[in-house]
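The primary structure of each chain is shown beneath.
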Amino acid sequence: GAGVSQSPSNKVTEKGKDVELRCDPISGHTALYWYRQSLGQGLEFLIYFQGNSAPDKSGLPSDRFSAERTGGSVSTLTIQRTQQEDSAVYLCASSRTGTGVEKLFFGSGTQLSVL
Amino acid sequence: AQSVTQPDIHITVSEGASLELRCNYSYGATPYLFWYVQSPGQGLQLLLKYFSGDTLVQGIKGFEAEFKRSQSSFNLRKPSVHWSDAAEYFCAVGPNTGGFKTIFGAGTRLFVKA
């Protein structure tokens, strides 16, 4: 596609429910990142996928968070048993090769609100 | 592990005045450095980047940044701010040896007054 696409754009859920957030990276981009943006917290790194390599999960805040990337393209971030502190904007980004030298292309994000 | 510090949570400048946003990084070698801007209601957009060579880099919208190894800094500057520059600015660091994740600072919110 022309850009990084994320869905849904907004998600309101009840505490304790599971949510899935989707990211479609730019076609041909091998690297995919998930970040979380909370008020005053900047962009918090969550997870990074690069080609067929094992993902770097070092930023996931708890075992309630997981992510998959199927076929080297679409990625899904899953949050189980959501808590109010999970409320944030979840941003997905992709880059062509993920070598660290290239700029990241960001999606518009998913605003998650946990009531 | 690399880290990025943006000491100023928010800054207010008058339109037409000069601007400097501070960024300090921690990394074992010379990193790749970036500045991104997030305008209201818009996604993050790359302003400029530094990899090597000339330590003063030019970006879009009249912005520039200077890499100072001795100070571990990569401050963003603009000689004359426009009202449309009001946004949030993020400094980021990417490693130049493996472990490719890009780490962002907490951001600096820029307010521009008339």
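The following paragraphs examine the structure supplied in this document. Note that this is a predicted model, so its numbers are computed, not measured. (Residues numbered from 1 in each chain as written. Chains lettered and ligands numbered in written order. Predicted model: local features only at pLDDT ≥ 70, side-chain atom pairs only at ≥ 80, totals over all residues. Heavy atoms only, no water.)

**Digging into the overall build of chain A**
- The number of helices and strands found in chain A is zero helices and 10 strands.
- Listed by position from the N terminus, the elements making up chain A come as β-β-β-β-β-β-β-β-β-β.
- At 13 Å, chain A has a C-alpha radius of gyration in line with the 13 Å of a compact globule built from 115 residues.
- For chain A, the spread of C-alpha atoms along the principal axes amounts to about 40 × 30 × 25 Å.
- Taken over 115 residues, chain A has a buried fraction of 48%. (Helix = DSSP H or I, 4+ residues; strand = E, 2+ residues; numbered from the N terminus. Rg over C-alpha atoms; globule rule 2.2 N^0.38 Å. Buried < 20%, exposed > 50% of the residue type's maximum accessible area, 1.4 Å probe, protein only.)

**Description of the interface of chain B and chain A**
- At the interface, 18 residues of chain B touch 20 residues of chain A.
- Across the chain B/chain A interface, buried area totals approximately 1,600 Å², and carbon plus sulfur atoms make up 62% of it.
- Summed over the shared surface of chain B and chain A, the number is zero salt bridges.
- One can count four residue pairs in polar contact (both at pLDDT 80 or more) joining chain B with chain A.
- Of all the elements in the fold, those that place two or more residues in the side of chain B that touches chain A are strand 5 (32-38), strand 6 (44-50), strand 10 (87-94) and strand 11 (103-104) of chain B. (Contact = heavy atoms within 4.5 Å. Buried area = accessible area lost by both parts, 1.4 Å probe. Salt bridge = Lys/Arg side-chain N within 4 Å of Asp/Glu carboxyl O. Polar contact = N/O pair within 3.5 Å; in protein donor to acceptor, adjacent residues only side chain to side chain.)

**Side note on the side chain of Asn-75 of chain B**
Residues and elements named next belong to chain B.
- Note that Asn-75 resides in strand 9 (residues 73-78).
- There is a polar contact of 3.3 Å between the side chain of Asn-75 and the side chain of Glu-20.
- Separated by 2.9 Å, the side chain of Asn-75 and the backbone nitrogen of Cys-23 make a polar contact.
- Asn-75 has contacts with Glu-20, Leu-21, Arg-22, Cys-23, Trp-35, Glu-64, Ala-65 and Glu-66, leaving out every residue within four places of it along the chain.

**Things to note about the nonpolar core**
- Ranked by internal contacts, the top residues of the largest apolar core, which has 45 residues, are Phe-106 of chain A together with Trp-35, Tyr-36, Phe-74 and Tyr-89 of chain B.
- When sequence neighbours within four positions are dropped, the list of residues in contact with Phe-106 of chain A reads Val-4, Tyr-35, Leu-43, Leu-91, Cys-92 and Ala-93 of chain A together with Tyr-36, Leu-44 and Phe-104 of chain B.
- Grouped together as the second largest cluster of nonpolar side chains are 20 residues, Leu-46, Leu-60, Leu-77 and Tyr-90 of chain A included. (Core = buried A, V, L, I, M, F, W, Y, C linked by side-chain atoms within 4.5 Å.)

**Looking at the packing of aromatic side chains**
All names here are of chain A.
- Counting across every chain of the model gives 15 aromatic pairs over all chains.
- Look at Tyr-35 and Phe-106: their rings are 6.0 Å apart centre to centre, the planes differ by 45°, and that puts the pair in the tilted class. Remark: Phe-106 occurs in strand 9 (residues 105-106) and Tyr-35 occurs in strand 4 (residues 31-38); sequence separation between them is 71 residues. Across this residue pair, the class does not change: Tyr-35 and Phe-106 are buried. (Phe/Tyr/Trp six-rings, centres within 6.5 Å; stacked < 30°, edge-to-face > 60°.)

**Points about the sheet that holds strand 6 (residues 65-69) of chain A**
Residues and elements named next belong to chain A.
- The strand order across the open sheet formed by four strands is 1-3-7-6, and the pairing between neighbours is antiparallel. Either end of the sheet is taken by a strand with one partner, and the two such strands are strand 1 (5-7) and strand 6. Here the average twist between neighbouring strands, direction ignored, is 15°. (Pairing = 2+ DSSP bridges. Axes fitted to C-alpha atoms, helices over the stretch in contact; angles between N-to-C directions.)

Fair warning: the whole summary comes from geometry, so function is off the table for now.
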